[in-house]
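# Structure at a glance
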Amino acid sequence: LRVVGRADAVLNLGGDKINPELVEAALADCEGVIECAVFGSPNELGIETLWAAVVADAKADDAKLRAYCRANLPPQFMPAGFVHLGRLPRNDMGKVDRPRLPDVLRRPSSY
């Protein structure tokens, strides 16, 4: 086992350790994606699942994003869903504010 990237950025999804940067790098290569960030959020059973916040043009709808991920990522890296935003939440340093990402599921229109 070798963890690459920032250890504090690793997501624990049902026992699987996922480096969000790997998923983001693959998803960013999808046509129409301007920027993206992935995060964990609990499902109805309380198990953390992988989600992707995406800033994209009209070419990158959910079906295209899902097909692209299915072709380019292992199954455990497949997002459960996509949230389309006008912009990603950022901290004072201008970096993606990962702790705020789960909030986009509850209030996507505020971003």
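Rules used throughout
Residues numbered from 1 in each chain as written. Predicted model: local features only at pLDDT ≥ 70, side-chain atom pairs only at ≥ 80, totals over all residues. Heavy atoms only, no water. Helix = DSSP H or I, 4+ residues; strand = E, 2+ residues; numbered from the N terminus. Contact = heavy atoms within 4.5 Å. pLDDT = per-residue confidence, 0-100. Buried < 20%, exposed > 50% of the residue type's maximum accessible area, 1.4 Å probe, protein only. Pairing = 2+ DSSP bridges. Axes fitted to C-alpha atoms, helices over the stretch in contact; angles between N-to-C directions. Salt bridge = Lys/Arg side-chain N within 4 Å of Asp/Glu carboxyl O.

With respect to the helices and strands, Cys 36 occurs in strand E3 (residues 33-42). The sequence separation of Cys 36 and Arg 87 amounts to 51 residues, and the corresponding C-alpha distance is 9.2 Å. Setting aside chain neighbours within four positions, we find Cys 36 in contact with Glu 24, Leu 27, Ala 28, Ala 53, Val 54 and Leu 88.

Mean pLDDT over the protein chain works out to 87, with 89% of the residues at or above the 70 mark. Put simply, strand E1 (residues 11-13) is where the protein chain has its lowest mean pLDDT, 81, and helix H2 (residues 62-72) is where it has its highest, 95.

Looking at the element boundaries, Ser 41 is found in strand E3. What makes Ser 41 buried here is its relative accessible area of 5%. What Ser 41 contacts, discounting residues up to four positions off in sequence, is Ile 47, Glu 48, Thr 49, Trp 51 and Leu 105.

With that settled, consider the sheet that holds E3. Pairing in this open sheet of three strands is mixed, and the strands run E3-E4-E5 from one edge to the other. Only two strands of the sheet have a single neighbouring strand rather than two, namely E3 and strand E5 (81-84). Each adjacent strand pair in this sheet contributes to an overall mean axis angle of 30°, direction not counted. Examined bridge by bridge, E3 and strand E4 (residues 48-56) share nine bridges and lie antiparallel to one another. Within the sheet, the bridge partner assigned to Ala 37 lies in E4 and is Ala 53. Sitting on the sheet, helix H1 (residues 20-28) touches E3, E4 and E5, and the angle it makes with E3 is about 145°. Those strands touched by H2 are E3, E4 and E5, and its axis lies near 135° from that of E5.

Evaluated as defined, the whole model comprises five salt bridges. A salt bridge links Arg 98 to Glu 24; the shortest N-O distance between them is 2.9 Å. One end of the pair, Arg 98, is in the loop between E5 and helix H3 (103-106); the other, Glu 24, is in helix H1, with 74 residues separating them in the sequence. On the accessibility criterion, Glu 24 (12% relative accessible area) is buried. For Lys 59, the salt bridge goes to Glu 31, with nearest N and O atoms at 3.8 Å. You can see Lys 59 sitting in the loop between E4 and H2 and its partner Glu 31 sitting in the loop between H1 and E3, a full 28 residues away along the chain. Relative accessible area serves as the criterion here: at 47%, Glu 31 is assigned to the partly exposed category. When salt bridges that share partners are traced, they join Glu 31, Lys 59 and Lys 64 into one network.

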